[in-house]
Structures are given as C-alpha cells and as structure tokens.
Number of protein chains: 2
Amino acid sequence: MQLKNIGEFELINRIKQKIDLRGKTDASSVVIGIGDDGAVLRSLEGFQVVTTDTMVEDVHFSRLFGSWEDIGWKAMASNLSDIAAMAGKPDYSLVTLGLPGGLEVEAVEKLYDGLLDCVDKFGGAVIGGDIVSSDKVFVTITVFGTTDGSLLRRSNAKVGDSIAVTGSLGGPSAALEVIKLGLEETNGGFSALAETHMRVTPRLSEANVLARKGVLCSMDISDGLKNDLEKLCSASDVSARVFAEEIPVHPLAKHAFPEDFLRFAVAGGEDYELVVTAPSGLLHSIKLEFPNLITIIGRIGPSSQEKVSILDKNGSLVNLTSGGWNHFLS
Amino acid sequence: MQLKNIGEFELINRIKQKIDLRGKTDASSVVIGIGDDGAVLRSLEGFQVVTTDTMVEDVHFSRLFGSWEDIGWKAMASNLSDIAAMAGKPDYSLVTLGLPGGLEVEAVEKLYDGLLDCVDKFGGAVIGGDIVSSDKVFVTITVFGTTDGSLLRRSNAKVGDSIAVTGSLGGPSAALEVIKLGLEETNGGFSALAETHMRVTPRLSEANVLARKGVLCSMDISDGLKNDLEKLCSASDVSARVFAEEIPVHPLAKHAFPEDFLRFAVAGGEDYELVVTAPSGLLHSIKLEFPNLITIIGRIGPSSQEKVSILDKNGSLVNLTSGGWNHFLS
C-alpha cells in the first residue's frame, strides 16, 4: 500500500508499535513519548520538553506566498507552538536546512533573520544544526525546552470538559487562499490577511497561564481544528461537539469569504492556536480573569464513531467538504 | 552569490556570526555551540550532547545502492557517529521523515527496522519525531546523549600532536564506486565491499576509551579524511601532515582499485571513523594497551596556508584530484 492511501495516524501507529516491540524506551525517564506534540523527559532539573517540526517547500510553504524572512519565522514559530502545546519554555534549538545549490546565499541569510526574529521574541537560542544539499528547500528545527512539571497533554480530555481555543481561527489559511486567488490587489484589507499567513504567534505565554491555572489537556491546531481535535479525542478516548457559532473566526477571513469562512476556521489548518479542554467552571473562571485568552467552543462527550461533530445553532451537523490536511494527498 | 559558489564552512560562519550578533546564546550553559560535531549543554547531571544529521535521497543515498533497512541503519549510525566524536553516550532520538505519497508503507517500515537495529546495538531510543510529505525521501535525526565531561573537541589539536584514526578508510566510498561501475557481479570480493557502504559503525566505545585515556581532540571523518582534517585544523588553528603510507586503507578498497585506492581513503568520505590528535607518547601507550584501536598517520604543525598536506614516503606532496565533498556542487 502507498503512503497516500494510509492515514498519517495509522502510519505513526505502525511505527510506534514497531518501536514499542523493541522495548527500547526507558519508561523511567520518558514521561511522554511518541504521539503528543513533543516528548518529555524527566531530569534532575524538572522536565525537559523536546519537539521537532519540518517545513518542506511547495508542501508547507511556497516562495511565492511569503518572503524568506517569513519562511524562517514560521519554521521557528511552528516548533515553538509545539513547545507551547505542552506548556514548556523554549531554551535551545538545532536548525537543519536542506538547500539547493542554485539558491542565493542572501536567501539563506534572510531566512535566518526571520528565524532569529522569532527567537528574539519567544526564546529558543540556536546552538547547532546541519546544512545539506536538497532539490527543494526544507527546514527542520528541534527545540529543547523545560517545564516545571505542569504538563499539558492531548490525552487528558475528560467527558464533560468544555473545549476552548486561544486567539481566532481561519486567518492564515484564508490568507493563503486570498493570495492564491490573486485577490489581494483588489482590496486593501487583504494585505493584513496575507501577513497573518506566515507571521504566526506561538501561544507560549497563554499556555503557561492555562497550565498554571490547572488546565491539563491541550494541543496545537496547526493541522486544523477538526483534524487536530480528532487526534485529541483519539488520544483521550472521547468525542467532541463543537458549536460553529461559537468559533472565533478571524475577522479578515469573514471579510474575504463571507459565505464560507467556516471551512477555513474548522479545516484550514496553519492556525498555531491551542485547543484546550477542562471542566467548564475552570474555563469560565479563567475567562473572568483573562477575558481575551480563550473562547469556549464546545464540549467533550463519551467516545463515539464520529469523533468530532460541528453543530449549527439548531444542533444540526454542519457538513464541510474539506477535512483538514492529509500530508500524503499531494 | 549562489550557494554552490560559496564553501560550506563560509556559509556556516556567516550564519554563526548572525547568531552571535544577536547575543542569544547563553554562555553559562552552552559549553560547545555551532561549529563542532554536536552541541554540548551543561546540566545538573553533567553534560548533555545533542547532534543532528540529515540524509537526502540522491544526495546522500540512493535506493539503487542500498536496501531501505540499510538507509535506516546509516541515517541513525551517522548521527551516533557525531555523538561518538564528542565521546558521548546516546540516550534518545527524534526522527523526522520526509516521504513521497507514492512510497510503499512497507519501505517506511523497513527503514525503521534498519534504524532500530542500529539503536538496539548502540543506543538512542526513538521517542518522537515528525513525518512530512516531500518529493524526495529525507531522514533527519536528532540524538541526545550525555557525557561525564571528558569532552572530545575538534578545536583541541596542539602543535606537535600526533594524528591517528580509528578503523580503516576508503571502504564505503570505494564500495559505492564499485556498485556504480557495476563491478560487483564480476568479482566475489565486491559484495563484502558493497556491505561496507551502508552498514557503517559509529565508534562510540572507541571514543569513550580514547577520552578516558586522556585524548582531547577528535572529530568524525564522514566528509573524508582530508576535508574533515582541514576543518579540525581551522578550528584548532594548526596544520596537519599526513603520511600516505601510514593510512589504514580498507583492504577491499585496495583490492578493487589497486592503482588509486588512496583517493577513496583520503577524499572519499562516508567513513564514519574518528580522527584524533594527542601527544605522541599518549597515542603510543594507547596503542600498546589497545593494539587495534587506532593507527597513527601524521603530525600536527603550526598554522599554515596549506592546512592538510598528504605526503608520500619521500616526503613529496601527493596530489589528489578530488577534494572530498562539497555539498552544493551537485
């Protein structure tokens, strides 16, 4: 069978089983292994969080849709987002670049400028890496962070929890669509939208507040709300109902696609916001103290065939044609 | 200027300067940063060593010249070799795979089999990673290890030191040439040679012996003896004279290329052996205790224009046309 005919989840599961069979993971120091946003190791100093994330040209980014600085920023931000999803603090990073020989040196320098802008703002000092020749540009970053132990895990959702997200959804993917359609020249509002596509914000401080307040379950939704919420439900053996009306859709996405902005917010991907679950009372008290931190959008229910249901205001299922990213469809 | 017209060393230097300018590396905990085989961080438990290495299809490996198991083995072994170059012990690894959608699932499983065979033998339990879509297969591995503090560094060579290497050189690159030339069917000896191309051995136990005995300077020579020795000389601000007659050339390389085996041993690359420097007396006493561990091949001299000179038995310069790998020439 070819990879494009097997789900990413199934592929990772097969690999995980293979690794588990070998019994090579030392349970005494690995707190969280394969299957979460990052891995967590117990150390004398607390917990070390490590994550790795890769962007490949023409799969995850295009030179047409962002500057080299933008590409560098996003490569680092997407990794820091995984650290955020576990309530970690980024300390160091290793950067591997795959580069074609015909690329301008200046492009690499600009990529690093964007990457280091992100490090300046959020942490993760670059201490090493690798540079290899490759037809297509790719950027693989590994970030090491620490946490005081109040870990956020995607497997901690409980039946009855409410579901909330940080920020607003659908901006980056709607922005990409706008650029692809060439709409940005016809309307001033679209340039701000284009900006949102690449300059994503890792929710590090937000995650730390949520963890400190007692939230235990989180993941980042870079593959789209529905897709990533399905992974969270699988890991926690629960289901989710999301109320479409409550989803905080990015205002510029609404502006650009007044008829079907919901598909961007639900299945567009690239949002780098966090979805969290916790008892309703806890989430409401957090909202009282930090009004702009989260929006409550749904509820966790018992495990069921349909993992994530998006419901309209009448309680009917919203049917979205697109289902997030399948990495091997392209 | 395009990347293919700038040396890898110069490119890394430019990036390093950019990072240094930002002043983002915390000197109190980063013991070794960019420019060695790996980075080293000080922790409460001693030192943490981290390295990352990437193999790209048709740049570093080909499906034609090795099985998927071989490719997995080599991807892990080349990383462990960097850990060895710093006298570390591998603990954990993150594995990122770039995979085309048309690839068979079985290929990925076989790749993991080879990779885990290497982990079984040498350590480095897989605790996470990433899978992304990519036209060409690539494998990026990050390994975390520890060391008790007796670090081997490429910047520790001193004038007057002798130079030694582990194992024998030229086998893997000669093997590749044999396979490319299609010679392997005409001579039984070549199948063993082909085996040496992919199933390389990271010199972890050797490095630990050398570090324990007091050796301070080492790097792995995966880019070729001359090329990597030049990097070592740059980092230590010294030069090197290597006596061609003393180089332990892989016997099968001699057998396959009786006229010009030296180019494989000096500039072929992919050896994954270690080159070390230390006072002559120390290296000789190590040889007495561990006769098969190292071969002394040359001497460190003061910094000079010609960083590495390969000399024949009359003391004349040996002229080798090929100069190791330049990653961006292809």
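Residues numbered from 1 in each chain as written. Chains lettered and ligands numbered in written order. Predicted model: local features only at pLDDT ≥ 70, side-chain atom pairs only at ≥ 80, totals over all residues.

**Quick look at unusual backbone geometry**
Residue and element names in this part refer to chain A.
At step 1: At D237, a position not held by glycine, the phi torsion is positive, near 55°.
At step 2: By the element assignment, D237 lies in the loop between α7 (225–236) and β9 (238–243).
At step 3: Since 11 C-beta atoms lie within 10 Å of it, D237 is described here as exposed. (Helix = DSSP H or I, 4+ residues; strand = E, 2+ residues; numbered from the N terminus. Buried ≥ 20, exposed ≤ 12 C-beta atoms within 10 Å, placed from the backbone.)

**Quick look at the sheet that holds strand β12 (residues 308–311) of chain A**
All names here are of chain A.
At step 1: The mixed open sheet is built from six strands, whose spatial order is β8-β10-β7-β11-β9-β12. Strands at the two margins of the open sheet, each flanked by one partner only, are β8 (217–220) and β12. Recorded for the sheet is a direction-independent mean angle of 25° between the axes of neighbouring strands.
At step 2: Across the face of the sheet, helix α6 (residues 204–212) comes into contact with β7 (162–166), β8 and β10 (274–278) while running at roughly 5° to β10. (Pairing = 2+ DSSP bridges. Axes fitted to C-alpha atoms, helices over the stretch in contact; angles between N-to-C directions. Contact = placed C-beta atoms within 7 Å.)

**Some points on the domain arrangement of chain A**
Residues and elements named next belong to chain A.
At step 1: Domain assignment breaks chain A into domain 1 (3–147) and domain 2 (162–311).
At step 2: In terms of residue count, helix α2 (residues 68–85) provides more of the side of domain 1 that touches domain 2 than any other element does, eleven residues in total.
At step 3: A breakdown of the residues in the side of domain 1 that touches domain 2 according to their chemical character gives ten nonpolar, four polar and four charged. (Domains from an automatic or database assignment. Nonpolar A, V, L, I, M, F, W, Y, C, P; charged D, E, K, R; others polar.)

**Considerations on the environment of M55 of chain B**
All names here are of chain B.
At step 1: Assignment of secondary structure puts M55 in strand β3 (residues 46–56).
At step 2: Considering only alpha carbons, one finds M55 and S150, 95 residues apart in sequence, at a separation of 29 Å.
At step 3: Discounting residues that sit within four places of it in the chain, M55 has contacts with H60, F61, K74, A75, S78, F138 and V139.

**What about the pairing of β10 of chain A?**
All names here are of chain A.
At step 1: Of all five residues making up β10, five are buried, and the element is well covered by its neighbours.
At step 2: What you see with β10 is no split at all: L274, V276 and A278 on one side and V275 and T277 on the other are buried throughout.
At step 3: Note that β7 and β10 share four bridges and pair antiparallel. Residue pairing for β10: S162 is matched across the bridge by A278.

**Thoughts on the pairing of strand β11 (residues 294–302) of chain B**
Residues and elements named next belong to chain B.
At step 1: Pairing of strand β7 (residues 162–166) with β11 involves five bridges; the strand directions are antiparallel. Counted as the bridge partner of I163 is G298 from β11.
At step 2: Pairing analysis gives five bridges linking strand β9 (residues 238–243) to β11, with the strands arranged antiparallel. From the neighbouring strand, A240 faces β11, where its bridge partner is I300.

**As for the nonpolar core**
At step 1: Within the largest apolar cluster, 194 residues are counted, with the highest numbers of intra-cluster contacts made by L115, L152 and V275 of chain A together with L115, L152 and V275 of chain B.
At step 2: The element best represented in this core is α2 of chain A, accounting for ten residues.
At step 3: When neighbours within four sequence positions are excluded, V275 of chain B is seen to be in contact with I163, V165, S218, M219, I221, L225, D228, L229 and L232 of chain B. (Core = buried A, V, L, I, M, F, W, Y, C linked by C-beta atoms within 7 Å.)

**Considering helix α2 (residues 68–84) of chain B**
At step 1: In this model α2 of chain B runs 24 Å from its N-terminal to its C-terminal C-alpha over 17 residues, within 8% of the 24 Å that 1.5 Å per residue would give.
At step 2: A large share of α2 of chain B lies buried, amounting to 17 of its 17 residues. (Expected span 1.5 Å × (residues − 1).)

**Quick word on the sheet that holds strand β12 (residues 308–311) of chain B**
Residues and elements named next belong to chain B.
At step 1: Spatially, six strands are ordered β8-β10-β7-β11-β9-β12 in an open sheet, and the strand pairing comes out mixed. One side of each edge strand has no neighbouring strand; the edge strands of this open sheet are β8 (217–220) and β12. On average, each strand axis in the sheet is tilted by 25° relative to the strand beside it, whichever way the strands run.
At step 2: Taken strand by strand, helix α10 (residues 280–289) contacts β7, β10 (274–278) and β11, and its axis lies near 175° from that of β11.

**A word on the packing of α2 of chain A against helix α3 (residues 105–122) of chain A**
All names here are of chain A.
At step 1: Contact pair α2 / α3: the axes reach a minimum separation of 6 Å and the direction vectors enclose 40°. One way to sum up the angle between α2 and α3 is to call them oblique. By crossing handedness, the relation of α2 to α3 is classed as right-handed. Residue-level contacts link W68, E69, D70, I71, G72, W73, A75, M76, A77 and L80 of α2 to A107, K110, L111, Y112, D113, G114, L115, D117, C118, V119 and F122 of α3.
At step 2: Along the lines of polarity and charge, the residues of the contact of α2 with α3 split into 14 nonpolar, two polar and five charged. (Parallel < 35°, antiparallel > 145°, perpendicular 65-115°, else oblique. Left-handed = near helix turned anticlockwise from the far one by under 90°.)

**Focus: the packing of helix α1 (residues 8–22) of chain A against helix α3 (residues 105–122) of chain B**
Between two packed helices, the angle of one axis relative to the other and the distance separating the axes together describe the packing.
At step 1: Close contact between α1 of chain A and α3 of chain B brings their axes to 11 Å; oriented N to C, the two are set at 25°. Judged by the angle between their axes, α1 of chain A and α3 of chain B are roughly parallel. Seen along the crossing, α1 of chain A lies across α3 of chain B with a hand that is right-handed. Contacts between α1 of chain A and α3 of chain B involve L11, R14, I15, K18, I19 and R22 of chain A from the former and V105, V108, E109, Y112, L116 and D120 of chain B from the latter.
At step 2: Classifying every residue of the contact of α1 of chain A with α3 of chain B gives seven nonpolar, no polar and five charged.

**So, the confidence of the model for chain A**
Residue and element names in this part refer to chain A.
At step 1: When pLDDT is averaged across chain A, the result is 85; 87% of the residues are at 70 or more.
At step 2: Confidence drops under pLDDT 50 across residues 322–330; counting only partners more than four residues distant or on other chains, this segment forms 29 contacts.
At step 3: Across the interfaces of the predicted complex, the ipTM metric reaches 0.76, alongside a pTM of 0.81. (pLDDT = per-residue confidence, 0-100.)

**Notes on the environment of F243 of chain B**
Residues and elements named next belong to chain B.
At step 1: Along the chain, F243 turns up in strand β9.
At step 2: Counting along the chain gives 105 residues from F243 to F138, while the straight-line C-alpha distance between them is 37 Å.
At step 3: Once residues within four sequence positions are removed from consideration, F243 is found in contact with I297, G298 and L311.

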